[in-house]
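Here are the chains, one letter per residue:
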Amino acid sequence: LALFSVFVGDVCSNQIDNIMVRINNDEIYVTTNFIPDSNFIESITAGVSKEVVFYIDLFRIWNVWPNEFVKGAKIMRILKSDPIKREYSVITFDNNQTIEKRFKDISGMLSWGLTITDYKITNIKDLEPGSYFIKVTVESNIKRLPPFVGYFLFFLSQSEFTVSKKSHRFMINPLSN
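Every value quoted in this text rests on a predicted model; they were computed, and no experiment measured them.

**A short note on the pattern of salt bridges**
- On inspection of all chains with the given rule, the structure shows three salt bridges.
- A salt bridge links Asp-118 to Arg-22; its shortest N-O distance comes to 3.1 Å. Here Arg-22 lies in strand E1 (residues 15-24) and Asp-118 lies in strand E7 (residues 115-123), a separation of 96 residues in the sequence.
- Using a relative accessible area of 37% as the deciding quantity, one classes Asp-118 as partly exposed.
- Between Glu-100 and Arg-102 there is a salt bridge, and its shortest N-O distance comes to 3.3 Å.

Okay, structure coming up:
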């Protein structure tokens, strides 16, 4: 896999590599992948489970007003590894659907678990004509604290990291179809 070479290299910070937006049969599809830093990979290799959440949001661009949020999706993935048994798995939660996938090696787990491929956002017939972009946000949540602790220690961060990236602008004009 081409993505594996990225994981082997020493990445100094977590980053979203690329956001590709494709319109096919009046549907908007998004493909993106997240490249973790070496600390993230080392902790998974050591057997620490990680919860990674992808937020894929569609925005309409306005010249005078702030950009308008149109639609969003949340995809949660839990990456697990057992270094003693050499077992790797990813559990993904998306729209009331749960999928667990097992892998023979950590590179396959990272490649599949940190990549979103052709995720359908919406139909362009549901959108007003205009200029749009996709914003992808990836965050890794820290093990959940009990709710009452969060009320008293509200200043503690609930996430290990959060990174965002915007796609290129693209035009939607359903009237011309």
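**What to know about the pairing of E1**
- In this sheet, strand E2 (residues 27-35) lies alongside E1 in antiparallel orientation, the contact comprising nine bridges. Bridge pairing in E2 links Gln-15 to Ile-35.

**Quick notes on the packing of aromatic side chains**
- This model, assessed by the stated rule, comprises seven aromatic pairs.
- Considering the side-chain rings of Phe-34 and Phe-40, the 6.2 Å spacing of their centres and the 85 degrees angle between planes classify their relative orientation as edge-to-face. Phe-40 matches Phe-34 in its accessibility class, with the two residues each being buried.
- On the basis of an interplanar angle of 75 degrees and a centroid distance of 5.7 Å, the ring pair of Phe-59 and Phe-69 is categorised as edge-to-face. Residue Phe-59 is found in strand E3 (residues 50-60), and its partner Phe-69 is found in strand E4 (residues 68-82); the two are separated by 10 residues along the sequence.
- With a relative accessible area of 15%, Phe-59 lands in the buried category.

**A short note on helix H2 (residues 38-45)**
- For H2, the complete set of buried residues consists of Phe-40, Ile-41, Ser-43 and Ile-44. One face of H2 carries all of its buried residues, which in axial projection span an arc of 165 degrees. Opposite the buried face of H2, at more than 90 degrees from it, the exposed residues are Asn-39 and Glu-42.

**Section: the packing of H2 against helix H3 (residues 106-113)**
- Following both chains from N to C, one finds H2 and H3 inclined at 125 degrees, their axes separated by 11 Å at the closest point. Classed by the angle they form, the pair H2 and H3 counts as oblique. The hand of the H2/H3 crossing is right-handed. Contact residues: H2 offers Ile-41, Ile-44 and Thr-45, while H3 offers Ile-106, Met-109 and Leu-110.
- Class assignment of the residues belonging to the contact of H2 with H3 gives a composition of five nonpolar, one polar and no charged.

**As for the pairing of E2**
- Across the nine residues that make up E2, a large majority, nine, are buried.
- Burial of E2 is two-sided: the residues Glu-27, Tyr-29, Thr-31, Asn-33 and Ile-35 facing one way and the residues Ile-28, Val-30, Thr-32 and Phe-34 facing the other way are all buried.
- In sequence, E1 turns back onto E2 through a hairpin of two residues, with Asn-25 there showing a positive phi of about 50 degrees.
- Note that E2 and E7 share six bridges and pair antiparallel.

The rules behind each value
Residues numbered from 1 in each chain as written. Predicted model: local features only at pLDDT ≥ 70, side-chain atom pairs only at ≥ 80, totals over all residues. Heavy atoms only, no water. Salt bridge = Lys/Arg side-chain N within 4 Å of Asp/Glu carboxyl O. Helix = DSSP H or I, 4+ residues; strand = E, 2+ residues; numbered from the N terminus. Buried < 20%, exposed > 50% of the residue type's maximum accessible area, 1.4 Å probe, protein only. Pairing = 2+ DSSP bridges. Phe/Tyr/Trp six-rings, centres within 6.5 Å; stacked < 30°, edge-to-face > 60°. Arc of directions from axis to C-beta. Axes fitted to C-alpha atoms, helices over the stretch in contact; angles between N-to-C directions. Parallel < 35°, antiparallel > 145°, perpendicular 65-115°, else oblique. Left-handed = near helix turned anticlockwise from the far one by under 90°. Contact = heavy atoms within 4.5 Å. Nonpolar A, V, L, I, M, F, W, Y, C, P; charged D, E, K, R; others polar.

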